[in-house]
Amino acid sequence: MLHELFTPSVQHWLDIVGIFVFAISGALLAVRKNFDVFGIAVFAEVTALGGGLFRDMVIGAIPPAAFTDLGYFLTPLLAAALVFFLHPEVERIQGAVNVFDAAGLGLFCVTGTTKAYEHGLGLTASAVMGLATAVGGGVLRDVLANEVPSLVRWDRDLYAVPAIIGATLVVLCIKFDMLNAGTSAVAAFIAVVLRLLAMRYGWRAPRAWNRRSRAASTDE
Amino acid sequence: MLHELFTPSVQHWLDIVGIFVFAISGALLAVRKNFDVFGIAVFAEVTALGGGLFRDMVIGAIPPAAFTDLGYFLTPLLAAALVFFLHPEVERIQGAVNVFDAAGLGLFCVTGTTKAYEHGLGLTASAVMGLATAVGGGVLRDVLANEVPSLVRWDRDLYAVPAIIGATLVVLCIKFDMLNAGTSAVAAFIAVVLRLLAMRYGWRAPRAWNRRSRAASTDE
Amino acid sequence: MLHELFTPSVQHWLDIVGIFVFAISGALLAVRKNFDVFGIAVFAEVTALGGGLFRDMVIGAIPPAAFTDLGYFLTPLLAAALVFFLHPEVERIQGAVNVFDAAGLGLFCVTGTTKAYEHGLGLTASAVMGLATAVGGGVLRDVLANEVPSLVRWDRDLYAVPAIIGATLVVLCIKFDMLNAGTSAVAAFIAVVLRLLAMRYGWRAPRAWNRRSRAASTDE
């Protein structure tokens, strides 16, 4: 069975790690926005659990894992507390945070795709759901902070593509009956490495052609 | 049965047309906002499928149609590709886009109301759900773009009223057992025409009385 | 049974009161933002029903109460009509509105927690859901108005803490098998009083330590 891909405890700990690093990124944004301690906690929770919560509501995994597993709820609070007391130190290791965030991205796109397929979605829909799981928390974080989501801004390094590729690799493995712990790990690893390379070399996605048209220039 | 109102294939193609024109409007906003190619695709998908996704999650149609019908997912990508390569040309036919958008509005308020009623909601709730289906994608689009939703701005032409009237006509037809393909088409047609007239003649909704009060002026 | 805590009709009327006062706060924001009559109605509905709608979708209470009880839907429209015609008068009693809003906060955190527990969530998850029910509508209102949610801003008086305490009291009562109409009322009352005291004395939550660090100052 697909859900035996990872042993439950390995799966659980990988999830917790992904939740933790996403929570750190949410809490740091809250500090930069000058929010209070509750804002920091809210942003940690929303960033870490938002993508999975959306996925579970769409696929009908009710109640969502975020509300049935106490560790999923407490981990972001731990991250928020760390950032609250130590944020200059956390900032200083921003590079490390980015690496962990990439790890969360790679992990969530793989586990999200797998969980969606287990709940009966088709292959393409499962990949879309995996992508939504990986990027959903960040989008919610940015919307709550009253900012345009990084996901859609052209001046940010590629974020969606590594997750799309990771999710696509998973559905290809499912299609050819090759999905197991090893191939899942490879898919996650490739997504992580692509994200790290995108950050290292500043890879960006193109904007629409003919930017000099009247329409395009009105908002600039 | 209500779901036999339209033959499945007619219903499906009408839905696809509505999705396509809403996706065009989302993609154009993304281009104007200077987002990259993924932003354009995300905005096309969210605008086209957001209203129906919300409806399906509320009425318990899980997994939502957006994730079970591949055509629903691919159509916005096609619209995004068209806008990406041809946006000055698409802009030039803005008038045509508005007509199609009105068509989507009229169609979605009718099919949304019908689907909600089929899933057991009451008549009033079904009409509200039809309205939410018709306007939901646009609201999500504006929130993601970090703008105040057009829906609630007084300086935009009437958008909700045509959808409210279309949805109300549908529930009246249901109440008097007169809902069929013909009356559904009439309801959608009336909604579309009202929207086109609102745009043509700049119909707007009133703001609260006594705008010159202290409270009202503080934000201006 | 927990759902017999309040007699159905008492529970229902308490809910309606909470919905009404939240709707007033949403409609007033819409007037201040210069939205039209539909914006006022939309903000009244979203503020009043958003928290409960989110809760019902998460716990699987489908279709949500907001769509099955006509009173839940019509009450915000009544509030919107009042604000539309009388907003200077409503403004003048802003103090009274704040008291009612505090009443809604206290009530919703208690009923939200109770309903979540009835639907099988654990104690901690139920308390979180109660908090989300109490603050969710206000967050949605602020996001739609394109503002940073009051909930997370450090320059607003404590809002989450009273709801957290109210929800915590409810789960403690559940844990020790002491939940009844009386203890529920006490929990709601304590939450309301704490919120009123927070407004009266300007209680605020702390921001992260070391605000003078490089990271914190970049956005100021």
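Nothing here was measured: the structure is a model prediction, and the numbers come from that model.

Caption draft 1: Quick peek at the relation of the copies chain A and chain C. Of the transformation placing chain A onto chain C, the axial shift is 0.0 Å and the rotation is 120°, giving an RMSD of 0.0 Å. Here the copies are linked by what is in effect a three-fold axis. The C-alpha atom lying nearest the rotation axis in chain A is that of Asn146(A); the distance is 3.8 Å. Here only 11% of the contact residues of chain A are again contact residues in chain C; the copies associate through non-equivalent surfaces.

Caption draft 2: Looking closely at a nonpolar patch on the surface. All names here are of chain B. The grouping of Ile165, Val186, Phe189, Ile190, Val193, Leu197, Tyr201 and Trp203 at the surface amounts to a nonpolar patch, some 700 Å² of accessible area in total. Here Val186 shows up in helix H8 (residues 181-201). A relative accessible area of 47% means that Val186 is categorised as partly exposed.

Caption draft 3: View of the interface of chain A and chain C. Contacts between chain A and chain C engage 28 residues on the former and 37 residues on the latter. For the pairing of chain A and chain C, the buried interface totals around 2800 Å² over both sides, and the portion due to carbon and sulfur atoms is 70%. Three residues, Asn34(A), Phe38(A) and Phe67(A), lead the burial of chain A against chain C; their summed loss comes to 23% of the area buried on that side. Linking chain A with chain C are zero salt bridges, by the criterion used here.

Caption draft 4: View of the interface of chain B and chain A. In this complex, chain B contributes 28 residues to the contact, which on the side of chain A involves 37 residues. Roughly 2800 Å² of surface becomes buried between chain B and chain A when both sides are summed, with 70% attributable to carbon and sulfur atoms. Taken as a group, Asn34(B), Phe38(B) and Phe67(B) account for 23% of the area that chain B buries against chain A, more than any other trio of residues on that side. Between chain B and chain A we count zero salt bridges in total. Where chain B touches chain A, the interface holds one residue pair in polar contact (both at pLDDT 80 or more). At the level of elements, helix H1 (8-32), helix H2 (37-59), helix H4 (70-92) and helix H6 (123-144) of chain B are the ones that each hand at least two residues to the side of chain B that touches chain A. With eight residues, H2(B) is the largest single contributor of residues to the side of chain B that touches chain A.

Conventions adopted
- Residues numbered from 1 in each chain as written.
- Chains lettered and ligands numbered in written order.
- Predicted model: local features only at pLDDT ≥ 70, side-chain atom pairs only at ≥ 80, totals over all residues.
- Heavy atoms only, no water.
- Least-squares fit on C-alpha atoms with pLDDT ≥ 70 in both.
- Contact = heavy atoms within 4.5 Å.
- Patch = residues over 30% accessible without salt bridge, like charges linked within 9 Å, V, L, I, M, F, W, Y side chains within 5 Å.
- Areas by Shrake-Rupley, 256 points an atom, 1.4 Å probe, with all protein chains shown as cover.
- Salt bridge = Lys/Arg side-chain N within 4 Å of Asp/Glu carboxyl O.
- Helix = DSSP H or I, 4+ residues; strand = E, 2+ residues; numbered from the N terminus.
- Buried < 20%, exposed > 50% of the residue type's maximum accessible area, 1.4 Å probe, protein only.
- Buried area = accessible area lost by both parts, 1.4 Å probe.
- Polar contact = N/O pair within 3.5 Å; in protein donor to acceptor, adjacent residues only side chain to side chain.

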